[in-house]
Amino acid sequence: RTQAELNQKQRDLIQARDYNKRFEALRATGVIGALAKTKSIDRFEQLVKAQPVPLRNYEMGGRLPANVANPAAFQQFVPSRHELRFEAEPLHEQDLLALTMPLENRLPGLTALESCSISRADVKSMAQQLEAAQVPRLTARCKLSWYVFAENESAAIGATLGAAN
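Here the structure is a predicted model, which is why all the values come from computation and not from measurement.

(A) Here's a closer look at helix α1 (residues 2-29). The first and last C-alpha atoms of α1 sit 41 Å apart over 28 residues, in line with the 40 Å expected at 1.5 Å per residue. Taken from the residues just after α1, G30 is the one with a positive phi, measuring 95°.

Structure (structure tokens):
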């Protein structure tokens, strides 16, 4: 019986070490913990500047609850999101794709491009059509969400108290 308990404790220790490595890797990418807004916005600006698409403006909102199917499954974490709304003026639809495609993969944390709507400026005369070929005729309004999983302080306190007993 004692050897079986010892073997189980060793398996538990290995599992805890593996979990800790994965946890720290997620924390390092910005998925777990509070959103580093300044770092996130700086990275967004760097990625946008590398593209030939004029950015008209952007706005980062505060923390909102994330709509998840089963919030209880997250136990000691509170899923939340921050919305970044931005407007860009691409010359062509392909320019918008070139801007938005790398955002989800190159921004810190867990991000999702939630929506983009595109409107086209009216071009009335032939002169305007010729001029419009060189200036943005499209306006894109997009919403990107940053998802983070903050540690639930009351769950962490409960786990600490439970471990002490």
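(B) Structural view of the environment of V48. Note that V48 resides in helix α2 (residues 37-49). Residue classification places V48 among the buried positions, given a relative accessible area of 6%. Measuring from C-alpha to C-alpha, the distance between V48 and L99 comes to 6.6 Å, with 51 residues separating the pair along the chain. The contacts of V48, once residues within four sequence positions are left out, are V53, L55 and L99.

(C) Representation of the state of the cysteines. Evaluated as defined, the whole model comprises one disulfide. Disulfide pairing is shown between C116 and C142; the S-S distance is 1.9 Å. Because the torsion about its S-S bond is 110°, the bridge between C116 and C142 counts as right-handed. Of this pair, C116 sits in strand β3 (residues 110-120) while C142 sits in strand β4 (residues 138-151), and the two are 26 residues apart along the sequence. Under the relative-accessibility criterion, C116 is labelled partly exposed at 34%.

(D) Focus on the confidence of the model for the protein. Averaged over the protein, the pLDDT score is 79; the fraction of residues at 70 or greater is 82%. No element of the protein has a lower mean pLDDT than helix α5 (residues 153-164), which averages 48, and none a higher one than strand β2 (residues 77-88), which averages 89. Below a pLDDT of 50 lies the segment residues 155-165, which in the model reaches two contacts outside its immediate sequence neighbourhood of four places, other chains included.

What counts and what doesn't
Starting from 1, residues in each chain are numbered consecutively following that chain's sequence as written. The model is predicted, so local features are restricted to residues of pLDDT at least 70 and side-chain atom pairs to those at 80 or more, both for listing and for counting; the totals for chains, interfaces and linings are taken over all residues. For side-chain calculations, the full set of non-hydrogen atoms in the structure is used, while hydrogens and water are omitted. Strands are runs of DSSP state E lasting at least two residues, helices are runs of H or I lasting at least four, and both sets are numbered from the N terminus onward. Expected helix span is given by 1.5 Å per residue-to-residue step, counting one fewer step than there are residues. Exposure categories follow from relative accessible area, calculated using a 1.4 Å probe and restricted to protein chains: below 20% of the type maximum is buried, above 50% is exposed, and the middle band is partly exposed. For this analysis, residues touch if any pair of their heavy atoms sits within 4.5 Å. The disulfide criterion is simple: two cysteine sulfur atoms within 2.5 Å. pLDDT runs from 0 to 100 and stands for how confident the predictor is about each residue.

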